[in-house]
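Residue-level listing of the chains:
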Amino acid sequence: HSAAQPTSWTPASPTMPPRRAGRGGGRTGRRGRGGAQDSPAPAPRPAPVAAPVEDDDMYQEPYKQIIRPHNQLTNLSETELKEEHTRVLTANDPNKANNITKYNYKDRCYKLDPEGAGDHLKIHFSLDGCVLHKDSQDAKEQEAYEAQKKEFEEEERKKAAQQAAEAGEDDMEAETQESGKNQFNYSERAAQTFNNPLRERGVATKPPPVVGFSATVSQWDIYDSYMNDYSNQMAEQEILKNAEKKKGAGSGQREATFDEPTQATAKGSKDDMVHSVKMSAALKILERMANQNAEDEIFQDFKYWEDASDQFREGEGSLLPLWRFQTDRTKRKQVTALGWNPKYPDLFAVGYGSYDFMRQGSGMICCYSLKNTNHPEYIFSTESGVMCINFHPNHSSLLAVGCYDGTVMVYDVRNKMNRPIYMSSIKTGKHTDPVWQVFWQEEDLAKELNFFSISSDGRVANWIMSKNELKMEPVMQLKLVSTVKDDPEETSLSGLAGGCCFDFNRVSEHLFIVGTEEGKIHKCSKAYSGQYLETYIGHHMAVYTIRWNPFHPRVFISCSADWTVKLWDHNVAHPIMSFDLGNAVGDVAWSPYSSTIFAAVTSDGKVHVFDLAENKHEPLCEQKVVKRAKLTHVNFNQVEPIIIVGDDRGGVNSLKLSPNLRKVHEPYDEEGVMIEHDPVQLQIDKMDRLLAAADTKPAAS
């Protein structure tokens, strides 16, 4: 409320008699109370002419006049007039924030930062010390006094030292040196602690027995010793030459010739402790311990760190970079394949080669472990570039490899030798173009181990591991399919379609899908090798990767060089969903814990993570992982919440998924208690709801 305010005090004129404010002035003890009436304040009456006064009475009491402001409210009630308005003055700084929140790592939540004792303290003036001008008289007198005091202390010290020398005591002060610390605000403090008593320990060992030996050596003894050594060297070279000649005989003979020298060397090195198996295992453990101590922060983030910001942003996630796996031998090669070991969740294999036709060379396979991130556990080199790898789901040590020259091989990573246990050749059968993917087939224990491969030569082959060789059985030839239905002449084209990728259904083992260089996807069966069961048209360029959903038996996903990732139902001839990522998509992979989450990598160095249950149009995370490099492959870990991505510079980056990127969407009741459910059926139902909501009508061309 706008209350009446009194004017300033004004002394009365000498001719005006002293007078006080009338009743209309009100009490002055409360603010805004004077003259606040419904009627206007009475005008001051004219002062009567006063009688002349003496000089002693010149001082008169001042009087006050109450004037109502023009903007004062006039319709206030009596209760509102009596209301008091109190103003409290505090010493708090208004510019100091009082709601600063910091993350508490102990309680794992955000908490208010309490105010400190000096947060609202303002120093207006501060003066410390006393400074004298060096040329002033006071400064000269002070210097003279300090010099005199120093001389006096020096004389006293010499007298004390002389007296101590006469008494036979050591002069302790003579050894003291002046402190080089500042002499303004420095104060020395000392504390006496309890000294633990020293205890000596000694160990006496028995000296080794010493035996004296002496002999007389003639020139003929020296000559005979040299000749015996020379004959032993020539015999070893002859054994090596014979072993090299027997290498071309066959795989079974090669294994026999290789095992013979290893057994001999094992007998000879049985007593060698430094190169023994136990020492190798101990050194491997020590190397892992040193590596984990050096990168303790990254290992702590890998095990315990969770992005707390996911609680405040729905529909978004992030990727935390952990390690980069790379060696000097693979810097000029491209990562062409990635594969986690099915038995050991910390072990994964990386295949190195080149996708450039003009830059082909040797290949390499490195097996890395998360327990030792600095150096690979196993390294295998190949004559041609590696294009694909795949671990056997039951026999975790068997690794199938496909190369750029059409060769397929099988490695046993337990063997220390740098050569495969099985290898295809022209005699046993071989692809004529690069092998783009291999896939182990789960068979009964009574049958022999076998795996499938697909190549640009248009053939899908089955490789059977017999006792001595790798047998090739053709499964299907990929025939070209014309897109023009009206022209009968174009229906039968010569040649075969180049296969790029394939995948077998988890439920129906005979059913598999194939992606080709022309952009078409074919559904095939091992029982009908002569024709396709269905052809899906949606991509316009080569299909790089195709994957069945690990939970739903009807859904699969594909990515292509035409910048798109498409979701398919194998009962529908057109894609259910399509996502344009703005660059060529190198690889796509389903998550092992949710039927609606998948990740894709593009040639601009970005990783895109989608959760179709959260957002059907945009990725939850789009993060750039590498600079000036193209991402080629991505793969989810089956146990830990991490993914690995490979690039064309020979590096593999590991990334941890934030909580929003690994939601399972488990059902809860109204009280927040989890409802019992089948986790696999939950993921199938979630994908069924997504398919029911999707538009199944084909898009207009």
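Our structure's up above, just so we're on the same page.
The sections below set out a description of the structure shown in this document. (Residues numbered from 1 in each chain as written. Predicted model: local features only at pLDDT ≥ 70, side-chain atom pairs only at ≥ 80, totals over all residues. Heavy atoms only, no water.)

**A short note on the sheet that holds strand 5 (residues 319-325)**
Piece 1. Within the open sheet, the four strands sit side by side as 5-32-31-30. Their pairing is antiparallel. The sheet is open, and its two edges are formed by strand 5 and strand 30 (631-636), each paired on a single side. Here the average twist between neighbouring strands, direction ignored, is 25°.
Piece 2. Contacts from helix 6 (residues 296-304) reach strand 5, strand 31 (642-647) and strand 32 (652-657) within the one sheet, and its direction differs from that of strand 5 by about 130°. (Pairing = 2+ DSSP bridges. Helix = DSSP H or I, 4+ residues; strand = E, 2+ residues; numbered from the N terminus. Axes fitted to C-alpha atoms, helices over the stretch in contact; angles between N-to-C directions. Contact = heavy atoms within 4.5 Å.)

**What to know about the pattern of salt bridges**
Piece 1. Overall, the coordinates contain 17 salt bridges when judged by the stated rule.
Piece 2. With a closest N to O distance of 3.4 Å, Arg554 and Asp569 form a salt bridge. Of this pair, Arg554 sits in the loop between strand 22 (543-548) and strand 23 (555-560) while Asp569 sits in strand 24 (residues 564-569), placing them 15 residues apart in sequence.
Piece 3. Lys606 is paired through a salt bridge with Glu622; the nearest N and O atoms lie 3.3 Å apart. (Salt bridge = Lys/Arg side-chain N within 4 Å of Asp/Glu carboxyl O.)

**Topic: the sheet that holds strand 21 (residues 534-537)**
Piece 1. The strand order across the open sheet formed by four strands is 18-19-20-21, and the pairing between neighbours is antiparallel. The strands lining the two open edges of the sheet, one partner per strand, are strand 18 (499-504) and strand 21. Here the average twist between neighbouring strands, direction ignored, is 20°.
Piece 2. Where strand 19 (residues 511-516) and strand 20 (residues 520-525) come together, five bridges link them in antiparallel fashion. Considered in strand 20, the bridge of Phe512 is made with Cys524.

Such coordinate-based values are descriptive only and should not be taken to indicate function.
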